[in-house]
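# Structural description and commentary
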Amino acid sequence: SVEGGGGGGGRVVAHACLMKPDLVRMYLRHTAMSPSGGALGEGAAGEEVYRLAAHPLVEHALSGGQATLLTYGQTGSGKTYTIEQVFSLASPLLAARARHGARGSAAPLRVSAVEVLGRRCVDLLSGSPCQPLAAAEGGIELKGATLRQGWSGA
């Protein structure tokens, strides 16, 4: 459920229906999180997700920063479909910047896409397994993930 509305400042509560180890009794686990970019509801279209969440991240990355777009939800809820729409909307901007640059100097642009499901991590660009690890300089390293590299102006 989304509390506080979509598009900013919302709190997401994930309600997971799970089984006890005896596989007879069920229970609910509630996990609450406050995303820094806000939470979008189930009716959010791909264009809205791109405009509110992804476009600022793309611009930040193209100016030399690092950005991560995380989707979270139940299996079959449309995460992959939404991310595919976001990629298709971001691709023309990324391609234009890669061709023409911005502000005169070139900086590397690296993109990876992974799916994390429980303890399993899959590289969506190659279909191979990958492993998220804590990087020495902070953040996360995706060991085994494909890293597509292009150029942007920074």
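The next subject is the packing of aromatic side chains. In total, this model carries zero aromatic pairs according to the counting rule given. In this structure, Lys-20 is placed above the aromatic ring of Tyr-27, and the distance from its NZ or CZ to the ring centre is 4.9 Å.

With that settled, the discussion passes to the pairing of strand E7 (residues 131-134). Of the pairings in the sheet, the one linking E7 to strand E8 (residues 140-143) comprises four bridges and is antiparallel in character. Bridge assignment links Gln-131 to a residue of E8, and that residue is Lys-143.

So, on to the environment of Ser-63. Here Ser-63 shows up in the loop between helix H1 (46-62) and helix H2 (79-100). A relative accessible area of 40% means that Ser-63 is categorised as partly exposed. Reaching out from Ser-63, the side chain makes a polar contact with the backbone oxygen of His-60 at a distance of 2.9 Å.

Throughout the structure, instances matching the rule amount to two salt bridges. Asp-22 is the salt-bridge partner of Arg-25, the closest N and O atoms lying 2.8 Å from each other. Judged by relative accessible area, Asp-22 falls into the partly exposed class, the value being 38%.

Thresholds, definitions, all that
Residues numbered from 1 in each chain as written. Predicted model: local features only at pLDDT ≥ 70, side-chain atom pairs only at ≥ 80, totals over all residues. Heavy atoms only, no water. Phe/Tyr/Trp six-rings, centres within 6.5 Å; stacked < 30°, edge-to-face > 60°. Lys NZ or Arg CZ within 6 Å of the ring centre and 35° of its normal. Pairing = 2+ DSSP bridges. Helix = DSSP H or I, 4+ residues; strand = E, 2+ residues; numbered from the N terminus. Buried < 20%, exposed > 50% of the residue type's maximum accessible area, 1.4 Å probe, protein only. Polar contact = N/O pair within 3.5 Å; in protein donor to acceptor, adjacent residues only side chain to side chain. Salt bridge = Lys/Arg side-chain N within 4 Å of Asp/Glu carboxyl O.

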